[in-house]
Amino acid sequence: ESFVDELAHAAGKDPLEFRLGLLKDHPRARRVLETAAEKAGWGKPLKRGQARGIAYHLSFGSYVAEVAEVSVDRKEGKIQVHRVVCAVDCGSVVNPFIVTTQMESGINMGLSAALKEKIEFADGGVKTENFSSYDLLRMSEAPDIEVHIVTSGDKLGGIGEPGVPPIAPAVANAVFAATGIRLRNLPMTPQSVMNAMK
């Protein structure tokens, strides 16, 4: 999804419109993209220093689009995710609360992997042996999350993992929109941001 974003910019097209063009024969994919973009205010101005990125994913039979609103501290390289707007189509929904909470938790899990989690090695072995040396996203770092369920009577999909895959590219695409730099490795640590800015 980051590469799709690169293709959109290379073609001089809006990343949302570019994706919609590629998915013209996939109505469920288009609906989640359009819903997430509309609810996030795609194309409308944000606070100074903030930018949006969008990503889409299909997994376990569920269609998910996410828009991330981020800012980047240019002096320290820290990425702050302020808000994530998610649209999901998992077919018929029995309990909307479960769908919402699963998507929220998946987004936070994905953000943790995208921004922080890594195994480090030193002295011929694993340096990261426990959570004391394995950094995770803290509650104070979690963004505001909106989940919009796109109702459909289509085939049922899973709802555990599908919130995870789109968040890293949505954030990376927003970082590009904010700074003009492309991050192609995870986690997107402050050091990797500073290195990319050089």
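Relevant structure appears above.
Attention in this report is confined to the structure presented alongside it. All of these numbers come straight from a predicted model, not from anything done at the bench.

Here we have four strands laid out as an open sheet, ordered β1-β2-β3-β6, and mixed in their pairing. Only two strands of the sheet have a single neighbouring strand rather than two, namely β1 (50-59) and β6 (144-149). Here the strands of the sheet are splayed against their neighbours by 15° on average, with no regard to which way each runs. In the sheet, strand β3 (residues 79-89) pairs with β6 via six bridges, with the strands oriented parallel. When the sheet's bridge partners are listed, C86 is paired in β6 with V147. Taken strand by strand, helix α3 (residues 27-40) contacts β1, β2 (62-72), β3 and β6, and its axis lies near 140° from that of β3.

To continue, consider the packing of helix α1 (residues 2-10) against helix α2 (residues 15-22). Their axes nearest at 9 Å, the elements α1 and α2 cross at an angle of 105°. With respect to α2, the axis of α1 lies roughly perpendicular. In contact with V4, D5, L7, A8 and H9 of α1, α2 contributes P15, F18, R19 and L22. Considered class by class, the residues forming the contact of α1 with α2 number six nonpolar, one polar and two charged.

A few words on helix α4 (residues 96-115). Here α4 spans 28 Å end to end across 20 residues, near enough to the 28 Å set by a 1.5 Å rise per residue. The complete set of buried residues in α4 reads V99, T100, M103, G106, I107, G110, L111, S112, A114 and L115. Of the surrounding secondary structure, the elements contacted by the buried residues of α4 are β2, β3, β6 and α5 (167-179). Sitting at the head of α4, N95 places a side-chain oxygen 3.0 Å from the backbone nitrogen of F97.

It is worth spelling out the side chain of R19 at this point. On the secondary structure map, R19 appears in helix α2. Given a relative accessible area of 2%, R19 falls into the buried group. Among the polar contacts made by the side chain of R19, one reaches the main-chain carbonyl oxygen of I54 at a distance of 3.4 Å. Non-local contacts of R19, meaning those with residues more than four positions away in its chain, are made with E1, V4, D5, L33, I54, A55 and N173.

What follows covers unusual backbone geometry. Cis rather than trans, the peptide bond between L186 and P187 has omega equal to -5°. You will see that F60, though not glycine, has its phi angle at about 55°, which is positive. On the secondary structure map, F60 appears in the loop between β1 and β2.

Parameters at a glance
Residues numbered from 1 in each chain as written. Predicted model: local features only at pLDDT ≥ 70, side-chain atom pairs only at ≥ 80, totals over all residues. Heavy atoms only, no water. Pairing = 2+ DSSP bridges. Helix = DSSP H or I, 4+ residues; strand = E, 2+ residues; numbered from the N terminus. Axes fitted to C-alpha atoms, helices over the stretch in contact; angles between N-to-C directions. Contact = heavy atoms within 4.5 Å. Parallel < 35°, antiparallel > 145°, perpendicular 65-115°, else oblique. Nonpolar A, V, L, I, M, F, W, Y, C, P; charged D, E, K, R; others polar. Expected span 1.5 Å × (residues − 1). Buried < 20%, exposed > 50% of the residue type's maximum accessible area, 1.4 Å probe, protein only. Polar contact = N/O pair within 3.5 Å; in protein donor to acceptor, adjacent residues only side chain to side chain.

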